[in-house]
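Each chain, letter by letter, is given below.
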Amino acid sequence: MRAALTWRDRAEQCIYDLAFKPDGTQLIIAAGNRLLVYDTSDGTLIQPLKGHKDTVYCVAYAKDGKRFASGSADKSVIIWTSKLEGILKYTHNDSIQCVSYNPLTHQLASCSSGDFGLWSPEQKSVSKHKTSCKITCCSWTNDGQYLALGMFNGIVSIRNKNGDEKVKIERPGGSSSPIWSICWNPSRDERNDILAVADWGQKLSFYHLSGKQIGKDRVLNFDPCCISYFTKGEYLLLGGSDRQVSLFTRDGVRLGTVGEHSSWVWTCKIKPDSNYVAVGCQDGTISFYQLIFSTVHGLYKDRYAYRDNMTDVIVQHLITEQKVRIKGRELVKKIAIYKNRLAIQMPEKILIYELYSDDSADMYYRVKEKIIKKFECNLLVVCSDHIILCQEKRLQCLSFSGVKEREWLMESLIRYIKVIGGPPGREGLLVGLKNGQILKIFVDNALAIVLLKQSTAVRCLDMSASRSKLAVVDENDTCLVYDIHTKELLFQEPNANSVAWNTQCEDMLCFSGGGYLNIKASNFPVHQQKLQGFVVGYNGSKIFCLHVFSMSAVEVPQSAPMYQYLERKMFKEAYQIACLGVTDADWKELAMEALEGLEFETAKRAFTRVRDLRYLELISSIEDRKKHGENNNDLFLADVYAYQGKFHEAAKLYKKSGHENLALEMYSDLRMFDHAKDFLGSGDPKDTKMLIKKQADWAKDINEPKAAVEMYLSAGEHMRAIEISGEHGWLLIEIARKLDKAEREPLAKCAFYFKQLDNPGYAAETYMKVGDLKALVQLHVETHRWEEAFTLSEKHPEFKDEVYVPYAQWLAENDRFEEAQKAFHKAGRQREAVRVLEQLTHNAVVESRFNDAAYYYWMLSMQCLDIAQENEPQQTEMLQKFHHFQRLAEVYHVYHFIQRYTEEPFSFHLPETLFNISRFLLHSLTKETPLGISKVNTLLALAKQSKALGAYKLARHAYDKLQGLQIPERFQKSVELGSLTIRSKPFHDSEELVPLCYRCSTNNPLLNNLGNVCINCRQPFVFSASSYEVLHLVEFYLEDGITDEEAVALIDLEAPRVTKREDKWQEMTSNNAQSLRLDDSTDYIEEDDPFTAKLSFEQGGCEFVPVVVSRAVLCSMSRRDVLIKRWPKPLPWQFYRSLLPDASITMCPSCFQMFHTEDYELLILQHNCCPFCRRRIDESNQ
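Summarised in this report is the structure supplied together with it. Because the structure is a prediction, the values reported are computed rather than measured.

Regarding the environment of tyrosine 1028
Mapped onto the elements, tyrosine 1028 comes out in the loop between helix 26 (969-981) and strand 56 (1033-1038). Taking the relative accessible area as the measure of exposure, tyrosine 1028 reaches 2% and is therefore buried. Sequence separation of tyrosine 1028 and serine 918 is 110 residues, and the distance between their C-alpha atoms is 9.4 Å. Leaving out residues up to four positions away in the same chain, tyrosine 1028 has contacts with Glu890, His893, Val894, Asn916, Ile917, Phe920 and Phe1023.

Below you can see the structure in the form of structure tokens.
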């Protein structure tokens, strides 16, 4: 660091204070009772300001630059504008010692011997605060929240914006060490506010805002009168009784002297955001200095070390941009770096550092050695085990312990020295002298080797990577390159101030000068580009450039030298240059040039670099062909031209090498059909046809289908033409009609597309043309054109199955089951009919449509009966299925009511009906439970209705059964409550609910283990299909030898019998039902009934004994008392005798379900059909 005096002036009075305008253009100086305003650029006095009557002690400028203030011994403070006009004046009780503006709020603090005041433009009055001692100095923190006051009694008081004391710092010297100057560090990088305090105990100290001292006191050895920070807080200026201004680091380390004077320095300030310093002295001298900080640095390959803040060293890795700071507490004078070594010279010692590891990216240094000795040198160099000191003509080699091992004395001044590497302890040095001599020195050899001598002084040196060439920059700014072995001057270039060889390429160097960077490869012309600074290193594509104080690694594409090699077809050398660093476009150009030059190895490497797989595949295929003996370079070059888009050149080479087909294929692939036709001329018709086909393919790809169809037809590619026409739906019928009927495959394709396009008429025409009747039948079936299909099947019976089976399936899918059944029968597919219905039934059960499931099961049973009637081998199996399905139909029909009762909020049936239904269902589920039927729902309905009707015993049984089942959550509460409340009821059932057996007159229990039969006579109960009450019917059987028809004839004889009853019941038969009705006639029937006698005499035992009647008994029966289920063959008819003729019963003639006549008529009115088989009342009995 050195200080250059810019300008100086002298006032007549002592300069107590000065202040810069924030933009740095003006300097305000307190001189006597005036303020002097200077232009900082040249020291011109702009204007003196008069306003004070006594000596001006202090002056301060506001941060916004709008106003400044001055304080005087006349006890007044004057506020001035930036136009140098006084606008306000206020006074204190004592002389004003210091003033300071708040950096944010621009509040002014003015301090006197007995108090301090706070003024702002928004306030009308000044708020003043008393102090116990004279205030000598003041300073605001960066955020403007706190004001520090320095007292004459050695105390620092830190106040808030309102003037209240927050922190009090008592210095150990007390009143014998008055605080004469304080200043807060303005740095924005510091996390904490730091206060610098200088007292007349000749000490410099630093404190936190909290009052805690930072480090120890620094002894000054003079009385400080002023202290000032640089704008960014990196340095401190101190002046005082030593008659000079000293530069300190922000930590208080003295760095040097700014300027020496003949009297005390009372004030010194740094110009904002610059390195200029203004100094005011007691004798009235005003000095303006520029501080010049010299660059102290060292470079070795990609590591650059430089001085920062005068005491720190930063090591920068120029490739990775990593930085590491080595902090010091003394001035750094010299720096040297070499491999893993770093040497730092300080005023009284040299520190030698080494890297922690051998890793090339390691940036952590530790102290290896310390040489505690003062050295004077111009240049410093470090090696693996030595340091080299250069002082004018003398070179000294010292070990790390400080022992001088060797010394060299040169003929002339040493201008340049550089370590060029070597084994540890035996490194070589390149030395350039002022007399033009260039030497090589080894640290372990006392003799210097003269490499060459030139007539001009050396400014810069560098040796190539192989140590065969030497580049020199002389004092005439000329770069000279020599062959070290022959001493021959190879070439020279003007305008150079520094030079560096490329460490990765022997034939490349760069030199800088005149604002340009010059790159020279081999003997080619120099390539220039703009660059500010000095070249200090060249590694690959990176050039290390020092500009002013900063080192940067500049990425320089090596394009120019690469193209210079390419022009001479030197592909391998060009590739080596490209490896140093060129753009992707340059790599591609190198690859293309090498490929056209058939230098495949270089081209492959270059294409690999740009990741061009297309060209890599081409090169790989060419290399494979060469391995197999192919060596036609014209053909290889033709392929290269084709890949590059030079198609006409490629075609010429293909033709030249005798491969016209490759040219034709190339043009076809590129859709350049006109060029292909020109190339083909009047060639082979096969080639022409192939070309038309390819052109059609292209027309299809570019979405011109009509053109493609015409081309395909002209080329004879009918299938391709049909496919395109079929996809778009036009021209297809014209193509089909033009085709010969022998071309079956194209015509079949046409028919296929007609079906897809919903044109069955055209499809039928096409099938008729081909004569494909089976496909025609399938077409009619698929389009549901059943009449045409039936007509065709009548003419050709072999297609009967192909027509009727799909027809039946279609009917079944459309819920036309009876028609479907007839169709299946007609096709001879009874099993399919059953299977379709079974699937529908299963779906209904899964979907909880139990009423539909009952109906489907009834239909299934009737279909099974039809199959049994027609197919004798399957008769037994089908009859078993008939009975099974009949039972399921009845169970699901009943469960439908249970499910509605449990799932729906309202009940549609009387409690007695639900009670009977649930009992019937429970007795029907003794063996297995069909799919979808819930025992929980059944028992729950039975339990609730039993409880409601007084069947408490049965209800308790039902609730007990429920406890053993998994009950849904929504029923759990209801079941638990019912289970508890039923315990309070008597353990018996109401006698009114007990069912009566009409054969043996036995009262049966409500819970019957035998099911729906009498516990005494085992006679099955007959239930009403609506209320499920036990009907007063008893089934009877015929004696052997009596046929069903004969039995009916005998019953129809109606032999009269007289009874005491005056009423007469008669049977009415219609198409809809059979009914027993009351007549008004008063015939008498005899009391003794042979059938009743049969009931009483034939009952008993644990086995069921059916009622078997003879012809005589049949003759005695009245037709009005008998109901007959007239089942189709092979089932026998079933006969039932009514034991209560006055109670009317109706039987459905279709499903043979029994109903109370009143119930049946009501259901017919509601549904217009039988509730079980859904037979409509307007249908005739079949």
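A closer look at the nonpolar core
In this structure, Tyr857, Trp858, Tyr892, Leu1033 and Met1154 are the most contacted members of the largest nonpolar core, which totals 67 residues. Contributions of two or more residues to this core are made by helix 20 (830-846), helix 21 (850-870), helix 22 (875-903), helix 23 (911-924), strand 62 (1145-1147), strand 63 (1154-1156) and helix 30 (1157-1167). Looking at this core element by element, the count peaks at 14 residues for helix 21. When sequence neighbours within four positions are dropped, the list of residues in contact with tyrosine 857 reads Thr841, Val845, Phe885, Leu888, Ala889 and Tyr892. With 49 residues, the next largest nonpolar core counts Ala305, Ile352, Tyr365 and Ile371 among its residues.

Things to note about the side chain of serine 241
Turning to its location among the elements, serine 241 is positioned in the loop between strand 23 (235-240) and strand 24 (244-249). In terms of polar contacts, serine 241 uses its side chain to reach the backbone amide nitrogen of aspartate 223, at 2.7 Å. Excluding its chain neighbours within four sequence positions, the residues that come into contact with serine 241 are Phe222, Asp223 and Trp264.

Details of empty space enclosed by the protein
A water-sized probe rolled over the atoms picks out the places where empty space is left. Summed over the entire model, instances satisfying the criterion amount to five cavities of 30 Å³ or more. A volume near 60 Å³ is recorded for the largest cavity. Lining of the largest cavity is provided by Cys997, Tyr998, Arg999, Gln1019, Pro1020, Phe1021, Val1022, Val1030, Leu1031, Leu1033 and Val1034. Classifying every residue of the lining of the largest cavity gives nine nonpolar, one polar and one charged. Estimated volume of the second largest cavity: approximately 50 Å³. In terms of residues, the lining of the second largest cavity owes the most to one element, helix 22, which gives three residues. A breakdown of the residues in the lining of the second largest cavity according to their chemical character gives five nonpolar, two polar and one charged.

The rules behind these values
- Residues numbered from 1 in each chain as written.
- Predicted model: local features only at pLDDT ≥ 70, side-chain atom pairs only at ≥ 80, totals over all residues.
- Heavy atoms only, no water.
- Helix = DSSP H or I, 4+ residues; strand = E, 2+ residues; numbered from the N terminus.
- Buried < 20%, exposed > 50% of the residue type's maximum accessible area, 1.4 Å probe, protein only.
- Contact = heavy atoms within 4.5 Å.
- Core = buried A, V, L, I, M, F, W, Y, C linked by side-chain atoms within 4.5 Å.
- Polar contact = N/O pair within 3.5 Å; in protein donor to acceptor, adjacent residues only side chain to side chain.
- 1 Å grid on protein atoms, 1.4 Å probe; cavity = no way out; pocket = protein on both sides within 12 Å on 5 of 7 lines; lining within 4 Å.
- Points joined across faces, edges and corners; volume = space filled by probe spheres on them.
- Nonpolar A, V, L, I, M, F, W, Y, C, P; charged D, E, K, R; others polar.

Any functional reading would require information that these geometric values do not contain.
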